[in-house]
Amino acid sequence: MSSLRMAISVLRAGGIIAHHSDTVLGLACLPHAASLARLSRIKMRPQNKPFLLLADSLTQLGDFVAEDPTLESALTAHPTPTTCLIQASATCPAALIGPSQQVAVRLSQHPNITTLSQAVGALASTSANLNGQDTALNFVELRKQFGPELDYLYDSGNSGSGKSSRIVDLKTQQILRA
C-alpha cells in the first residue's frame, strides 16, 4: 500500500497521522469528536484549546464556517500561509471552536495536504509538539516526543517554511501573528 493510501486509510479509520505541511510538521485527524479528543490527549493539550482546519478548497470548509464573503481573499491574498479566524457554523465540532465562537482555517498549498484533503475532506490539524514544547523539526524528533502514540507518520517530502502561519481575525481584521 502506498504511503498516501495508508494515510487516507488511517484517517478514515479515526486515526492520527503526522504530516508535512506548508508551514511546520503537523498532526492531523478527521474533525470527528472522538479523534479530536484523542488528538488533545496525545498532545497533552487542554480540551478548550481548539485545532485548525486545513483544506484544499473553500467548499471543504462549508460545514464548519459561517458564510463570509471576505474569507477567500483573506486566505489567498498574502504570499505566505495564512490562517483565518472566522465565525464557526452551528454544525462545527466544539473542539474546533475558540472562545470567541470562531474556527481557525487555512487553505494549504502543500501537495501532501491538498492530496489528503481532496481524498478525505478538511483535516483537523495542529503543530507536531507536546503542549508547551517546541515543534518537532523532523520525524526523528517527532518520534522522541510522541513515541507510539501516532497511528502513522506520513513522511512524504518536506514541510514548507518551518515557520508558523500568519493569523488574521476576520471579525476585527487584526493580525494576531505576522
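If you're wondering where the values come from, they're calculated on a predicted model, not measured in any experiment.

A. Geometry of the sheet that holds strand β5 (residues 102-107). Ordered in space as β7-β1-β2-β6-β3-β5-β4-β8-β9, the 9 strands form an open sheet in which the pairing is mixed. Each edge of the open sheet is held by one strand with a lone partner, namely β7 (152-154) and β9 (174-177). Across this sheet, the average inter-strand angle for adjacent strands is 35 degrees, counted without regard to direction. On top of the sheet, helix α4 (residues 111-120) reaches β1 (17-19), β3 (52-55), β6 (123-127) and β7; it is set at about 150 degrees to β6, its chief contact. Sheet strands touched by helix α5 (residues 139-146): β1, β2 (26-29) and β7. Its angle to β7, the strand with the most contacts, is close to 160 degrees.

B. Highlighting the nonpolar core. By size, the foremost hydrophobic cluster in this structure holds 38 residues, and its most contacted members are L61, L96, V103, V105 and L142. Looking at this core, the elements with two or more residues in it are β2, α2 (33-43), β3, α3 (71-76), β4 (82-87), β5 and α5. L142 has contacts with A18, L25, L27, A128, A136, G147, L150 and L153, leaving out every residue within four places of it along the chain. Counting 18 residues, the second largest nonpolar core, distinct from the first, contains I8, V120, Y152 and I167.

C. Region of interest: unusual backbone geometry. Positioned with a positive phi, Q101 is a non-glycine residue whose angle comes to about 65 degrees. Along the chain, Q101 falls in the loop between β4 and β5. Backbone geometry places Q173, a non-glycine residue, at a positive phi of 65 degrees. With respect to the secondary-structure elements, Q173 resides in the loop between β8 (166-169) and β9.

D. Seen up close, the pattern of salt bridges. This model, assessed by the stated rule, comprises 3 salt bridges. Measuring nitrogen to oxygen at the nearest pair gives 2.5 Å for the salt bridge that ties D151 to R38. One end of the pair, D151, is in the loop between α5 and β7; the other, R38, is in helix α2, and 113 residues separate them in sequence. Residue D151 is classed as partly exposed on the basis of its relative accessible area, which comes to 36%. Among the ionic pairs, R41 bridges to E149, the shortest N-O distance being 3.5 Å. Separated by 108 residues along the polypeptide, R41 in helix α2 and E149 in the loop between α5 and β7 bring together distant segments of the chain.

E. Structural detail: helix α1 (residues 3-12). Of all the residues in α1, the buried ones are A7, I8, V10 and L11. Down the axis of α1, the smallest arc covering the buried residues is 165 degrees, so these residues share one side. Away from its buried face, by an angle of more than 90 degrees, α1 presents the exposed residues R5 and R12. Its buried side turned inward, α1 meets β1, β2, α4, β6 and β7. Once α1 ends, the next one or two residues include G14, with phi positive near 90 degrees.

Rules of the game
Residues numbered from 1 in each chain as written. Predicted model: local features only at pLDDT ≥ 70, side-chain atom pairs only at ≥ 80, totals over all residues. Heavy atoms only, no water. Pairing = 2+ DSSP bridges. Helix = DSSP H or I, 4+ residues; strand = E, 2+ residues; numbered from the N terminus. Axes fitted to C-alpha atoms, helices over the stretch in contact; angles between N-to-C directions. Contact = heavy atoms within 4.5 Å. Core = buried A, V, L, I, M, F, W, Y, C linked by side-chain atoms within 4.5 Å. Buried < 20%, exposed > 50% of the residue type's maximum accessible area, 1.4 Å probe, protein only. Salt bridge = Lys/Arg side-chain N within 4 Å of Asp/Glu carboxyl O. Arc of directions from axis to C-beta.

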